[in-house]
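# Results of the structural survey
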Amino acid sequence: MSACSPLRERDEKIEAIIQPHKLEDVKEALKGIGIDGMTVLEVRGHGRQKGHKEMYRGQEYQVDVLPKVKLELVVPTGRVEEVARTLIAAARSGAIGDGKIFITEVAEAIRIRNDERGEAAL
Amino acid sequence: MTSDDTGRWLLNAVQSARVRRIGSRVLLTLLSAGVAVAQSTPDISKKLDDLDTAVKNAQMSGDNAWMLTSSALVLMMTGPGLALFYGGLVRRKNVLGTMMHSFILMATVSILWAVVGYSLAFAEGSPFLGGLRYLFLNGVGADPNGDYGATIPHQTYMIYQLMFAIITPALISGAFAERMKFSAMLLFMTLWSLVVYFPMAHMVWGKGGFLNGTLGGRFPAWDFAGGTVVHITSGVSALVCALYMGKREGYPNESMRPHSVVLSVIGACLLWVGWFGFNAGSAVSAGPLASSAFIATHFATAAAVLGWMFAEWMIAGKPSVLGAVSGAVAGLVAITPASGFVKPMPAMLIGVLASVVCYLMVSKAKKVFGYDDALDAFGVHGIGGTLGAILTGVFATKEVNDLRMGKAMGLVDGDAGQVVNQLIAVAIAWGLAIVGSLIILKICDVVLGVRVNKQQETDGLDLSMHGEEGYNFEA
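Predicted, not measured: the structure shown is a model, and the values here were computed from it.

## A look at the overall build of chain B
When helices and strands are tallied, chain B shows 15 helices and zero strands. Oriented by its inertia axes, the alpha-carbon framework of chain B measures out at about 100 × 55 × 45 Å. Residue burial in chain B is summarised as follows: out of 475 residues, 53% are buried. Across chain B, the fraction of contacts at a sequence separation of at least 24, relative to all contacts at a separation of at least 6, is 74%.

What follows is the structure, given as C-alpha cells:
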C-alpha cells in the first residue's frame, strides 16, 4: 500500500457470481461501457437456491452445488458503481440463483509485460 | 445339349475347319475334344462333382462372410460397447479402470482360449467338460467341423465362440466396479473362465454336453446364444462378487452418480448393434434362421426399451435416458437364449417382461437387500438371463426352428417338459456360478487380496491401479 501514490486513484476488484447462461449478456453489456478485460471461471456453488434431484436406476441423488460462472474484473474506484449496475442489469432474471457481487480493494495492479502499475495496468 | 448334338456340332466344326484350311494342330485339338465328349458319362459326373464343389464353396463363402462379420460384431460388444456402457456409469476417477476391465479381457481370454479354452469347451469329452483334443488349437483348421457348423471353416467357429468367452467375464466386472484390485481381477477372470465358463459352454453347446439340445445332451435345453452360458453365469457370479467384496466406501450415502450417461448411451447402442452378431450369428449360417433370430432380437429390444421407460416414468416420475438404454440391454439379455426359437410377437413379450422385472430389481429390490452391485450386472444379466432362459422353454416353436423334426419345441407347441429342462439348465448355471465364483474369490483373496485399500479406493482406480487419469483437461 505504501508504494501507492496518494494522488493515484485506487483500483477495486469486482467478483460477480452469475448464472452461466447470462455470461454472454454480461460480457456484451460490459463491453458497451468500455470494459474489456476480465477473468471468467467456471465454478460450482449455491446460496439460497436449493439444488435439484437426480435419479439413476432408482437411486436418488440431491445435487446442491450447481454450476455457476464467476467473473473477476479490476476497475478504478470511480467506475465501480457504474460497472456493478451494468452487470446487475445484464445478469438479473429476478429468480433465486441469479448470484452475487463482491467488491474488494486491490492493493496493486501490475502488467507483467512491462511493469506498468495502477490504472495503466488494467 | 445332348452328346449326339455335341458330336454333330463338333463334326460340323471339324468340317468347316477343313474348309477354312485351319492348321492341323487346331484340327487335332478339336478331334481330341470330340473323343472326350464321346466318353460322356464320366465327363458329366465330373461336371456334377465340380458343380457340387462350386455350390458348396458358394455357400461356405456366404456363411463364412456372415460368421466372420458376426465374430467382429461380438468383439465390438466388449470393446468399445461394454467398456463405454460401464465406463460412463462409474465416477470420473474410475473410468479408465472400468474400461480396462473389459479391454484387457479381449487379450487375456483370447490367449487362454487358444491354449486350452476352446478345447475344454468344444472338444468331445465328458458331459461336463470338453477334452484336450483341440489344445493349442490343434486340429482346428480350414475344414468345417460338421457338429458345430458344416458350412464354415472350423477356425471361424472357434474365433466366433471366443468372442462370447471374452464378453461373459467382462459383464461380471460391473458388480465389483470401483473397488477391485487389478491383479486380483486378472487372476479371478482367468480362473473363472476355466472353472465356470468353459464347463458351462461345454455342457450347453459342446458335443455330448450334459444340456446340449442337439448333440446328445442328457437334458436337452434350448440356449440359442447364451442365456445360461453367458448371462446367468456372469450375472450370478456378479452377485457373488458384490456380496463377497462388500460395498464401495461411502455407499449408499455418498454420491455415486454416473460420470457420463453420454458414454453409456453410446455403449448401449454399440451393444444393440453388436448383439445382432451375437444372436443372429448363433445360427452359424447366413440362412433364414439368422434372419429370424435377428428380427426376434430387434423387436424384443425395442419392446424392452419402452417397457423400462414407461415403468420408470410411472413409478419414479421421469423417463430417464439411462433407464431407456438399460431397458435395451435387459431386453437383449432376455431374448438371447430364445432368439433362434421364437416368433417376433413372443419376442416382444419376453423383452417387455424382462425390462420391467429388471427395472424393479435394480431400482427397488437392490435397495431392500442392500448389496452393492455397482453397475447392476446381476440385476440385468442374472435376472434377465434367468427370465429369458425359462421363457425360451415357453415360447420355443418348431415353426421357427424345427430341431425335433416336427415334434413340439416348447410349451406353446405343447411340450411342457421343455420348461423343466430349461429350469434344470438354469439351476446348473446358478449353482456352478455361485460355487465356482466363491471358491475363486477366496483363492484370489488369499493369494493377492481382492480389494484395493481405502486410500486407493478414494484416489480412484485410474490413479491407484494404472497411474493415469481419464480426463486431463489441463493437458
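## Topic: the overall build of chain A
Each helix and strand in chain A was counted, giving two helices and six strands. Along chain A, helices (α) and strands (β) appear in the sequence β-α-β-β-β-β-α-β when read from the amino end. Taking 14 Å as the expected radius of gyration for a compact globule of 122 residues, we find that chain A reaches 18 Å, considerably beyond that expectation. The principal-axis extents of the C-alpha atoms in chain A amount to approximately 65 × 25 × 25 Å. Within the span of chain A, comprising 122 residues, buried residues form 14% of the whole.

## With respect to the interface of chain B and chain A
On the chain A side, the residues contacting the 13 residues of chain B number six residues. Put simply, the parts of the chain that give the side of chain B that touches chain A at least two residues each are helix 10 (321-335) and helix 11 (344-369) of chain B. Here the residues of the side of chain B that touches chain A are counted per class, giving four nonpolar, five polar and four charged.

## Focus on the nonpolar core
Counting 147 residues, the largest nonpolar core has Ala-175, Leu-271, Ala-300, Ala-338, Ile-350 and Ala-354 of chain B as its most contacted members. Apart from the residues within four sequence positions on either side, Leu-271 of chain B is in contact with Met-77, Gly-81, Leu-82, Phe-85, Val-329 and Leu-332 of chain B.

## Comments concerning the domain arrangement of chain B
Domains assigned within chain B are domain 1 (3-38) and domain 2 (67-466). On a C-alpha basis, the centres of domain 1 of chain B and domain 2 of chain B stand 67 Å from each other.

## Observations regarding the sheet that holds strand 5 (residues 66-76) of chain A
Residue and element names in this part refer to chain A. A sheet is described by the order of its strands in space; here four strands give the open sequence 2-5-1-6, paired in antiparallel fashion. A single partner strand is all that each edge strand has here, and the edge strands are strand 2 (39-45) and strand 6 (99-106). Strand-to-strand twist of the sheet, defined as the mean angle between neighbouring strand axes without regard to direction, takes the value 25°. Pairing geometry for strand 1 (residues 11-18) and strand 6, over eight bridges, is antiparallel. Bridged to Glu-12 within strand 6 is Glu-105. Packing of helix 2 (residues 80-91) onto the sheet brings it into contact with strand 1, strand 5 and strand 6, and relative to strand 1 it is tilted by some 10°.

What counts and what doesn't
- Residues numbered from 1 in each chain as written.
- Chains lettered and ligands numbered in written order.
- Predicted model: local features only at pLDDT ≥ 70, side-chain atom pairs only at ≥ 80, totals over all residues.
- Helix = DSSP H or I, 4+ residues; strand = E, 2+ residues; numbered from the N terminus.
- Buried ≥ 20, exposed ≤ 12 C-beta atoms within 10 Å, placed from the backbone.
- Contact = placed C-beta atoms within 7 Å.
- Rg over C-alpha atoms; globule rule 2.2 N^0.38 Å.
- Nonpolar A, V, L, I, M, F, W, Y, C, P; charged D, E, K, R; others polar.
- Core = buried A, V, L, I, M, F, W, Y, C linked by C-beta atoms within 7 Å.
- Domains from an automatic or database assignment.
- Pairing = 2+ DSSP bridges.
- Axes fitted to C-alpha atoms, helices over the stretch in contact; angles between N-to-C directions.

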